[in-house]
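# Coordinates in review
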Amino acid sequence: MRDEDKRFKESVLKNFFSSDGKLKRIPVQLKKKLIVLGFLVSKLEEGKSYKEREINDFIGNFHEDFATIRRECIVYALMSRDNQTYTVNPVEQWRNWETLS
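Residues numbered from 1 in each chain as written. Predicted model: local features only at pLDDT ≥ 70, side-chain atom pairs only at ≥ 80, totals over all residues. Heavy atoms only, no water.

### Examining the layout of surface pockets
By volume, the largest pocket is sized at about 270 Å³. What lines the largest pocket is a set of 14 residues, among which Lys9, Val91, Trp94, Trp97 and Glu98 lie closest to the centre. No other element matches the four residues that helix α2 (residues 30–41) contributes to the lining of the largest pocket. Tallied by class, residues from the lining of the largest pocket come to eight nonpolar, three polar and three charged. (1 Å grid on protein atoms, 1.4 Å probe; cavity = no way out; pocket = protein on both sides within 12 Å on 5 of 7 lines; lining within 4 Å. Points joined across faces, edges and corners; volume = space filled by probe spheres on them. Helix = DSSP H or I, 4+ residues; strand = E, 2+ residues; numbered from the N terminus. Nonpolar A, V, L, I, M, F, W, Y, C, P; charged D, E, K, R; others polar.)

### Some details on the sheet that holds strand β3 (residues 85–88)
One open sheet holds the three strands; their spatial order is β1-β3-β2, and the pairing between them is antiparallel. Two strands bound the open sheet, and with one partner strand each, they are β1 (49–51) and β2 (79–82). Along the sheet, successive strands turn relative to each other by an average axial angle of 30°, direction set aside. Pairing between β2 and β3: four bridges, direction antiparallel. In the strand pairing of β3, Arg81 is matched with Tyr86. Against the sheet, helix α4 (residues 66–75) makes contact with β2 and β3, and its axis sits at roughly 100° relative to β2, the strand it touches most. (Pairing = 2+ DSSP bridges. Axes fitted to C-alpha atoms, helices over the stretch in contact; angles between N-to-C directions. Contact = heavy atoms within 4.5 Å.)

### Considerations on the environment of Glu64
With respect to the secondary-structure elements, Glu64 resides in the loop between α3 (52–60) and α4. Assessed through its relative accessible area of 74%, Glu64 is described here as exposed. Once the C-alpha coordinates of Glu64 and Ile74 are considered, the two residues, 10 residues apart in sequence, prove to be 18 Å apart. (Buried < 20%, exposed > 50% of the residue type's maximum accessible area, 1.4 Å probe, protein only.)

### With respect to empty space enclosed by the protein
With the rule as written, the count across this model stands at one cavity of 30 Å³ or more. Taken as a whole, the largest cavity encloses approximately 40 Å³ of empty space. In this structure, the largest cavity is lined by Leu40, Val41, Leu44, Ile55, Phe58, Ile59, Ile69, Cys73 and Met79. Elements supplying a minimum of two residues to the lining of the largest cavity: α2, α3 and α4.

Note that all results are geometric; they support no functional claim without further evidence.
Rendered as structure tokens:
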């Protein structure tokens, strides 16, 4: 990752997460949203299957709107869903924020 991208990512995380680790708000700008979603999903185990309740509880630790965040993780290919079971996709499949302007 380029130094410029690294600084941008750190800035986004600092601005959108409080000191206690809670997500203040869901970013509107796609590039920032992908950084925030990627940060959250990176705390889960890649390839492991999670029940919907587990994902809701996990996301709920960061933000109250777990349904929106869960749905966006699917939309941007950070996770896959099959019959209310969620799996973290390999990072290579995630929508890449670094290629956005």
